[in-house]
Amino acid sequence: MTTAFLDHIRATLSDIESDGLFKRERLITTPQATRVRVGGREVINLCANNYLGLANHPALVAAATKAMQDHGYGMASVRFICGTQDLHRALETRLASFLGTQDSILFAACFDANGALFEPLLGAEDAVISDALNHASIIDGIRLCKARRYRYVNSDMIDLEAQLKAAREDGARHIMIATDGVFSMDGYHARLPEIRALADRYDALLMVDDCHATGFIGPQGRGTPAHFDVRADILTGTLGKALGGALGGYIAGPRPVIDLLRQRARPYLFSNALPPAIVAAAIVALDMIEAADDLRAQLFDNAAYWRAGLAQAGFDLLPGEHPIIPVMLHDAHKAQAMAARLFELGVYVSPFFFPVVPKGQARIRTQMNAALTRADLDEALAAFAQAGQDTGVLT
Ligand SMILES: *Cc1c(COP(=O)(O)O)cnc(C)c1O
């Protein structure tokens, strides 16, 4: 490798550093849970996507352990060569029945599912219309397909209709609208009833990425379409958040769509099968989740309590009910200072700033989970009040 090349890479790194955008990873030495040990200290964790507290649930650990004994450790194959076990098909049909679709197909991650989705289904004659705040993996997936691309301002239904009209006027054969079910930086739901009505009016398909909803939003945790009683034509989701938090993604939809993806989706055809331990535990997670009204009630109770406590302390919050509760600090340095002080006070949170959120909208995104107790939340609220004073966020 030439010195010039490495010098160029080093210069990029130091630009990231001097812009205050360098991300450092803390080392956790315990399982993922409401309290984790970091650098020898125990802290309350308010930044995992562990909404139902299943990431270290004994039933999932047991299912994974048993599957490792029955079905081995790794698959050492893509699915279509010799990487499909009974467990993979069992999870795919289980996911489809949970989500109310004809079938589903597994991927190594939802990032791959979104990367896989568009290219086999849409051609140059087609159009895809994407919300401007969609997840990076949807944006990348759309880049990989030949369809014409249209983008609408986040949740702006007037702009969505304008883009639908434009796509129709441009002669699109098929149109697919793509949206996150929940926008993860804000915790806002997509306006699915209005999006569905517009999709129907312009004869478009609706794709919803429900990563921050499946398992805990809607009846039995079936996600944002179920919450709004609206039909999505194609769903994508992750096993890496509420559904146990390990790894894996999926696309769910009509059987011919899933059949074609199995033939053509590149991240499926050219990447390894999920390991049996994860697949078996995900089946158990779905059984638990369907029956977990108590955990969902606890989650939303925690979210309401946490939101009310922060508001009362004087923090600036975005409105909503989702367990994603962003505390707006606006300024990137303030968000970083606040997160650093909170860590000293025993609360683990992550600051978000440009380019992850727009300039001037820096925040600390807190996330509730069902396993947090009132004592945890009271302790964390006291730390927020203290850190708010110490950093001049609260006056
Ligand atoms: C987390 C997330 C993904 C990526 O999921 P992985 O399974 O972790 O790759 C995709 N889309 C959205 C909306 C997400 O929140």
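Quick look at the structure, then. (Residues numbered from 1 in each chain as written. Predicted model: local features only at pLDDT ≥ 70, side-chain atom pairs only at ≥ 80, totals over all residues. Heavy atoms only, no water.)

## Structural notes on the overall build of the protein chain
Selection rule: Going along the chain from the N terminus, every DSSP run of H or I of four or more residues is numbered as a helix, and every run of E of two or more is numbered as a strand. Computation of the radius of gyration draws on C-alpha atoms alone. For the globule rule, the value is 2.2 Å times the number of residues to the power 0.38. Any residue under 20% of the maximum accessible area for its type is buried, any over 50% is exposed, and the rest in between are partly exposed; the area is computed with a 1.4 Å probe on protein chains only. Contacts between residues were defined by any pair of non-hydrogen atoms, one from each residue, lying within 4.5 Å. When charges are counted, Lys and Arg contribute as positive and Asp and Glu as negative, whereas His and the chain ends are disregarded. Charge placement uses NZ in Lys and CZ in Arg. For Asp and Glu, CG and CD serve respectively.
Of the regular secondary structure elements, the protein chain holds 15 helices and 15 strands. What you see for the protein chain is a C-alpha radius of gyration of 22 Å, in line with the 21 Å of a compact globule of 395 residues. The burial tally for the protein chain puts 50% of its 395 residues in the buried class. The long-range fraction of contacts in the protein chain, counting pairs at least 24 apart against all pairs at least 6 apart in sequence, stands at 69%. Computed over 37 positive and 44 negative side-chain charges, the separation of the two mean positions in the protein chain equals 3 Å.

## Examining the nonpolar core
This is how it is decided: Side-chain atoms within 4.5 Å link the members of a nonpolar core, which is a set of buried Ala, Val, Leu, Ile, Met, Phe, Trp, Tyr and Cys residues.
The biggest cluster of nonpolar side chains holds 88 residues, and the ones touching the most others in it are Leu 46, Trp 306 and Phe 384. For this core, the element with the highest residue contribution is helix H12 (residues 276-290), accounting for ten residues. The residues contacting Leu 46, other than those within four sequence positions of it, are Trp 306, Val 347, Tyr 348, Val 349, Arg 365, Thr 366, Gln 367, Met 368, Leu 372, Ala 380 and Phe 384. Within the second largest apolar cluster, 25 residues are counted, among which are Ile 105, Cys 145, Ala 147 and Met 176.

## Some thoughts on unusual backbone geometry
With an omega dihedral of 10°, the bond running from Phe 354 to Pro 355 counts as a cis peptide bond. Its place among the elements puts Pro 355 in the loop between strand S14 (350-352) and strand S15 (362-367). Phi is positive for Asp 203, which is not a glycine, with a value near 55°. Position of Asp 203 among the secondary structure elements: in the loop between helix H8 (192-201) and strand S9 (205-209).

## Focus on the site of the ligand
To keep things clear, this is the line we draw: Working definition: residue near molecule or strand if any one of its non-hydrogen atoms lies within 4 Å of it. Definition of a polar contact: a pair of N or O atoms within 3.5 Å, with one able to donate and the other able to accept a hydrogen when the atoms are protein atoms, and with sequence-neighbouring residues admitted only if both atoms are side-chain atoms. In these tables, accessible area is a Shrake-Rupley quantity obtained with a 1.4 Å probe, and a residue counts as shielded only by the protein chains included in the view.
Every one of the 13 residues lining the ligand counts as a neighbour, but Cys 110, Phe 111, Asp 209, Thr 238 and Lys 241 are closest to it. Residue Phe 111 places a main-chain N or O atom 2.9 Å away from an oxygen atom belonging to the ligand. At 2.6 Å, a side-chain N or O of Asp 209 approaches a nitrogen atom of the ligand. A total of 380 Å² of accessible area belongs to the ligand in isolation, and the protein chains cover 84% of it. Per-element accounting of the shell around the ligand gives the leading share, three residues, to helix H5 (residues 110-121).

## Digging into the packing of H5 against helix H10 (residues 255-264)
Short version of the rule: Here an axis means a line fitted to C-alpha atoms, over the contact stretch when the element is a helix, while the angle between two N-to-C directions is reported on a 0 to 180 degree scale. For classification purposes, an angle smaller than 35 degrees is called roughly parallel, one larger than 145 roughly antiparallel, one from 65 to 115 roughly perpendicular, and anything else oblique. In this classification, the charged set is Asp, Glu, Lys and Arg, the nonpolar set is Ala, Val, Leu, Ile, Met, Phe, Trp, Tyr, Cys and Pro, and all remaining amino acids, among them Gly, are polar.
The geometry of H5 relative to H10 is characterised by a closest axis approach of 10 Å and an angle of 100° between their N-to-C directions. Relative to H10, H5 is oriented roughly perpendicular. On H10, the residues that touch Ala 116, Leu 117, Glu 119, Pro 120 and Leu 121 of H5 are Val 257, Leu 260, Leu 261 and Arg 264. A class-by-class count of the residues in the contact of H5 with H10 yields seven nonpolar, no polar and two charged.

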